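Coordinate inspection notes
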Amino acid sequence: MTQQNRPEIKVRETRPSDGLLYDRNLFIAYWIEEGDLEQFPDYPPDAINGCCGDTEQEALQNAENHWRIREENHRQNREKFYAKYGRYPD
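This is a predicted model, so every value here is computed, not measured. (Residues numbered from 1 in each chain as written. Predicted model: local features only at pLDDT ≥ 70, side-chain atom pairs only at ≥ 80, totals over all residues. Heavy atoms only, no water.)

**A short note on the pattern of salt bridges**
What counts is decided by this rule: Throughout this description, the term salt bridge denotes a Lys or Arg side-chain nitrogen within 4 Å of a carboxyl oxygen of Asp or Glu. For helices the rule is a DSSP run of H or I covering at least 4 residues; for strands it is a run of E covering at least 2, with both sets numbered from the N terminus onward. Working definition: with a 1.4 Å probe on protein chains only, accessible area under 20% of the residue-type maximum means buried, over 50% means exposed, and in between means partly exposed.
According to the stated counting rule, one finds 6 salt bridges in the structure shown. Across the pair Arg6 and Glu71 runs a salt bridge, and its minimum N-O distance is 2.8 Å. Of the two residues, Arg6 sits in the segment before β1 (10-14) while Glu71 sits in helix α2 (residues 56-85), which places them 65 residues apart along the sequence. Comparing Arg6 with Glu71, the two get one shared label, buried. With a shortest N-O distance of 2.1 Å, Asp46 and Arg12 are connected by a salt bridge. Here Asp46, found in the loop between α1 (36-39) and β3 (50-53), pairs with Arg12, found in strand β1; they are 34 residues apart in sequence, far enough to count as distant. Look at Asp46 and you get buried, because its relative accessible area is 11%. When salt bridges with common partners are traced through the structure, they connect Arg6, Glu64, Arg68 and Glu71 into a single cluster.

**Re the nonpolar core**
This is how the line gets drawn: Residues belong to one nonpolar core when they are buried, are Ala, Val, Leu, Ile, Met, Phe, Trp, Tyr or Cys, and are joined through side-chain atoms within 4.5 Å. In this description, contact between two residues means that some pair of their heavy atoms is separated by no more than 4.5 Å.
Formed by Phe27, Ala29, Trp31, Cys51, Ala59, Ala63 and Trp67, the largest nonpolar core amounts to 7 residues. Elements that contribute at least two residues to this core include exactly β2 (26-30) and α2. Broken down by element, this core gets its largest block of residues, 3 residues, from α2. Here Trp31 is in contact with Pro7, Glu8, Ile9, Asp36, Pro45, Asn49, Gly50, Cys51, Ala63, His66, Trp67 and Arg70, once residues within four sequence places are set aside.

**A look at the environment of Thr55**
The following threshold applies: Here a polar contact means two N or O atoms within 3.5 Å. Within protein one must be a hydrogen donor candidate and the other an acceptor candidate, and residues neighboring in sequence count only if both atoms are side-chain atoms.
Inspection of the secondary structure puts Thr55 in the loop between β3 and α2. A relative accessible area of 41% places Thr55 in the partly exposed class. As a C-alpha pair, Thr55 and Ile28 span 27 residues in sequence and 8.9 Å in three-dimensional space. Polar side-chain contacts of Thr55 include one of 3.0 Å to the backbone nitrogen of Glu58.

**Comments concerning the pairing of β3**
Put simply, the test is: Pairs of strands are assigned from DSSP output, requiring at least two bridges between the strands.
Burial along β3 is one-sided: the face carrying Cys51 and Gly53 is buried and the face carrying Gly50 and Cys52 is not. The pairing of β2 with β3 spans 4 bridges and is antiparallel. Note that in β3 the partner of Tyr30 across the bridge is Gly50.

**Digging into the state of the cysteines**
Note the threshold: For the purposes of this analysis, a disulfide is any pair of cysteine sulfur atoms at a distance within 2.5 Å.
Tallied over the entire structure, the rule returns 0 disulfides. A disulfide-free cysteine, Cys51 has its sulfur positioned 7.7 Å from the sulfur of Cys52, the nearest such atom. Its relative accessible area of 12% is what places Cys51 among the buried residues.

Here it is in structure tokens:
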């Protein structure tokens, strides 16, 4: 998984009137991955995958941190697989 494979990240501002469990405005940086909309048809897209922040920049930074950790975990798992089986997973 590389940066080219990342889905587009969008940001929206939430308000307490949106029915979320927050009593203040927040920003949600969210993305849609393949199969999400089929698997969760009754969920709004920003409720499936997202990172919150008090500012748009903070939400985007939290999403960037999420993807950086996810990509590093993916890389480590591939290396463990290679060490065990002598090849990379397909």
